[in-house]
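# Structural characterization, general
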Amino acid sequence: MTETVFFYCFAALAVAGAILTVTMRNAVHCAISLIASLGGVAGLYLMLHAEFLFAVQIVLYIGGIMVLFLFVIMLVNLEAAARERQFHRSWVGGLLCAGGTGAMLAWFWLRGAGTLRLPPAVQPTPREGGNVESLAMVLFRDYLVPFELASLLLLVAIVGGVMMAKKRI
Amino acid sequence: MSQYYTATDHFVLLPAILLALFGCATLLFDFLIFPEAKQRRWLLVFLVLGEAFAGVAFWRQQSFLLEHGGNLTAFRGALVIDHYALFFHWLFLAATLITGLISYRYLEVRDEHHGEYYGLLMLAQTGMYFLASGTELVTLFVGLETMAITFYILVGFLRADRRSNEAALKYLILGSLSSGFLVYGFSVLYGISGSTRLSEIAAAVAARDAWDPVLVLAVGTAGAGLMFKIAAAPFHMWAPDAYEGAPTMITGYLATASKAASFALLLRLFVGPLGPARESWEPLLAAVAVLSMTIGNLAAVTQTNTKRLLAYSSISHAGYILLGLVAGSPTGIKGVLVYLLVYTFMTLGAFLVLTSLARQGMAGDDINDLRGLMKRAPGHALWMLVFMVSLAGIPPTAGFLGKFYIFWGLIETGHYTLAVIGAVYAVVAIYYYFRIVKAVFVEPEEAEAGPLTVSLGTRVGLAVTGALTLLVGVYPEPVLRLAQMSISR
């Protein structure tokens, strides 16, 4: 019972934060709403007994990445942008996308879970010292190649960013 | 070596490790050991060295497969080395090497010669390695993104050129959108199978009806993302702008290696796991192919910029290659591989000639810049004739061979209408390819243009691409045998 209550609290926080992120006019407010949304997701991780992911979410996303976001927002002059009319009002496209997604959700709601063959549901089992070990097994055994390749991808992106931004290389 | 990283894993991954290491080392050496502008040629030597090492690793894999038969799977089914993958690896290696060799003078002339260029080329090839060898969705996706991000940078490499900036931005935005589609399709595939490995997805797809809505959703979105990467209509709108703005040899690299890599993934996905659902995707692919040929060929007719013209021609070529997949018979699939091989060499060759036209302060990509090339550089002019004849698909050049197998596959499987449409558009294509030939041979030379300065790399590149385009046309046996070996599992 308490779990359900907590789940709905965290889920509501995540969704409300996400909606506020895209609807607020001031970029700083957007960033702060995003923090709330990420915090909600972190709570969901905790409820799944993914303590390591929870910590990473807090430290990396809320702690590191969001601070960088805020720095960038402070550095770039956004006052002019905030005063302008921001929203491109193309209702037809938006409605089509929303309708399509809605229809898909309705379809899965009606047909039930049988449409998707998901891996058998695993009951989250709290373990001594958290589930860091199983996470390591997934990252460094099952998905070792993409995990290592991702570091190469990030390197390329950094090189590109420096190349494009720097006047003299 | 341990349970998590076996000797087989190492043997399979070695070429990618070498390429990545040489790529990263180039980035480092650029400012640590060779900081002077003159020393950049050593980085080019480094690229050749890296490719040679990777080539030896591929060669060892190939001889292992020939000796023992079968495939080598590694990392619990995340990577595979089979003749199909090796076919593409050799193609990428050749394309990267040729692109690297012809870049030196162009980058000097355009005043954007930076050592990062050579490192990025090798890192792009590393991404392609995972596209051809990956058999697991996450690996495939990360490999694709590594390649794509490298290409966004390379397309925008002429930082002072507005067209290059615009091209990079358009390619980045539309490319990210298409990646979104692709990864959505992948996520649905994971949803229906509960695994990211292609072998398990194949079992899950086979258990479903071909018109199962969830399956159609997966095929549709993943297909749309891939069509984007191969620049097939109606997902082609980025191609003309990106091709026009990019440095010329990168346009060639984008049109050949990137397209071939995306086709490697497309073929592995659609012939493999999605094969049982052929009923639902065949009409879709046929429509995309016909639309690509229509838009590509008709829009190319009116172009005055050579790079844009070749961009539309590459869209139409994507349509032809897709027809081989629509046919789906062994002949058709063999046709796809043969077509990709000859397309790579003739397109690279054509862009190579265009690259050498660049002069101080201008790109040399207008069709008028080709005027009087016969007088200025007869060798280039004759090779250009070979490439254009081959692109138009006229025997005895290699381009004919590719079209021949595609059409044969179509007729064999009873797709007569598609074969006729393809043949009609092949005739349209002759018109615009010969506009280039006319500019080269017939139209008078511009006053100020002197004789062409040609670097050693350009000579080597021209000799390789030109000789292959001619040789494969008159003596196709080895290529056919290679393609046959690649599709027989």
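Quick note: structure is the one above.
Described in the following lines is the structure provided in the data block. None of these values were measured; they are calculated from a predicted model.

## Things to note about the overall build of chain B
When you go through chain B residue by residue, the secondary structure sums to 19 helices and two strands. In terms of C-alpha radius of gyration, chain B reaches 22 Å, essentially the compact-globule figure of 23 Å for 489 residues. C-alpha atoms of chain B, sized along the principal axes, occupy 70 × 55 × 45 Å. Evaluated residue by residue, chain B yields a buried proportion of 64% over its 489 residues. Sequence separation of at least 24 residues holds for 80% of the intrachain contacts in chain B that already meet a minimum separation of 6. Element-wise, carbon and sulfur atoms account for 68% of the exposed surface of chain B, whose accessible area totals about 16600 Å². Taken as two groups, the 30 positive and 30 negative side-chain charges of chain B have centres that lie 4 Å from each other.

## Describing the overall build of chain A
Looking only at helices and strands, one finds seven helices and zero strands in chain A. From first element to last, N terminus to C terminus, chain A shows the α and β order α-α-α-α-α-α-α. Sorting the 169 residues of chain A into buried and exposed places 18% on the buried side. Counting only contacts in chain A whose residues sit at least 6 apart along the sequence, the fraction spanning at least 24 positions is 60%. When the accessible surface of chain A is totalled, it reaches about 12200 Å², and 73% of it is carbon and sulfur.

## Points about the environment of Leu385(B)
Residue and element names in this part refer to chain B. Inspection of the secondary structure assignment puts Leu385 in helix 15 (residues 378-392). Residue Leu385 is classed as partly exposed on the basis of its relative accessible area, which comes to 28%. For Leu385, the contacting residues outside a window of four places in its chain are Val437 and Phe441.

## Describing the interface of chain A and chain B
Contact residues are listed per partner, giving 30 residues for chain A and 40 residues for chain B. Note on chain A versus chain B: buried area summed over both sides is about 3000 Å², and carbon and sulfur give 74% of it. On inspection of chain A and its partner chain B, the count reaches zero salt bridges. At the junction of chain A and chain B, the tally comes to three residue pairs in polar contact (both at pLDDT 80 or more). Elements that contribute at least two residues to the side of chain A that touches chain B include exactly helix 5 (91-111), helix 6 (132-142) and helix 7 (144-165) of chain A. Among the elements that take part in the side of chain A that touches chain B, helix 7 of chain A stands out by supplying 14 residues, more than any other. For the side of chain A that touches chain B, the per-class residue count stands at 22 nonpolar, three polar and five charged.

## A short note on the side chain of Thr126(B)
Residue placement: Thr126(B) occurs in helix 4 (residues 116-133). Owing to a relative accessible area of 1%, Thr126(B) belongs among the buried residues under this scheme. Non-local contacts of Thr126(B), meaning those with residues more than four positions away in its chain, are made with Leu152(A), Ala16(B), Leu19(B) and Ala20(B).

## Some remarks on the packing of aromatic side chains
Residue and element names in this part refer to chain B. According to the stated counting rule, one finds 30 aromatic pairs over all chains in the structure shown. Ring centres of Tyr171 and Trp238 lie 4.7 Å apart, and the angle between their planes is 15 degrees; this geometry places the pair in the stacked category. Residue Tyr171 is found in helix 6 (residues 162-193), and its partner Trp238 is found in helix 9 (residues 238-245); the two are separated by 67 residues along the sequence. The class of Tyr171 is buried, set by a relative accessible area of 6%. Since its relative accessible area comes to 3%, Trp238 is described here as buried. On the basis of an interplanar angle of 20 degrees and a centroid distance of 5.9 Å, the ring pair of Phe228 and Trp238 is categorised as stacked. Residue Phe228 is found in helix 8 (residues 213-229), and its partner Trp238 is found in helix 9; the two are separated by 10 residues along the sequence. Grouping aromatic residues by their ring pairs yields a cluster made of Phe22, Phe29, Phe34, Phe46 and Phe53.

## Section: unusual backbone geometry
In the segment running from Ala233(B) into Pro234(B), the intervening peptide bond is cis, with an omega of 0 degrees. Residue placement: Pro234(B) occurs in the loop between helix 8 and helix 9. With an omega of 15 degrees, the peptide bond running from Pro395(B) to Pro396(B) counts as cis. Checked against the element boundaries, Pro396(B) lands in the loop between helix 15 and helix 16 (398-412). The phi dihedral of His49(A) falls on the positive side, at around 65 degrees, and the residue is not glycine.

Conventions and cut-offs
Residues numbered from 1 in each chain as written. Chains lettered and ligands numbered in written order. Predicted model: local features only at pLDDT ≥ 70, side-chain atom pairs only at ≥ 80, totals over all residues. Heavy atoms only, no water. Helix = DSSP H or I, 4+ residues; strand = E, 2+ residues; numbered from the N terminus. Rg over C-alpha atoms; globule rule 2.2 N^0.38 Å. Buried < 20%, exposed > 50% of the residue type's maximum accessible area, 1.4 Å probe, protein only. Contact = heavy atoms within 4.5 Å. Areas by Shrake-Rupley, 256 points an atom, 1.4 Å probe, with all protein chains shown as cover. Lys, Arg positive; Asp, Glu negative; His and termini not counted. Charge placed at Lys NZ, Arg CZ, Asp CG, Glu CD. Buried area = accessible area lost by both parts, 1.4 Å probe. Salt bridge = Lys/Arg side-chain N within 4 Å of Asp/Glu carboxyl O. Polar contact = N/O pair within 3.5 Å; in protein donor to acceptor, adjacent residues only side chain to side chain. Nonpolar A, V, L, I, M, F, W, Y, C, P; charged D, E, K, R; others polar. Phe/Tyr/Trp six-rings, centres within 6.5 Å; stacked < 30°, edge-to-face > 60°.

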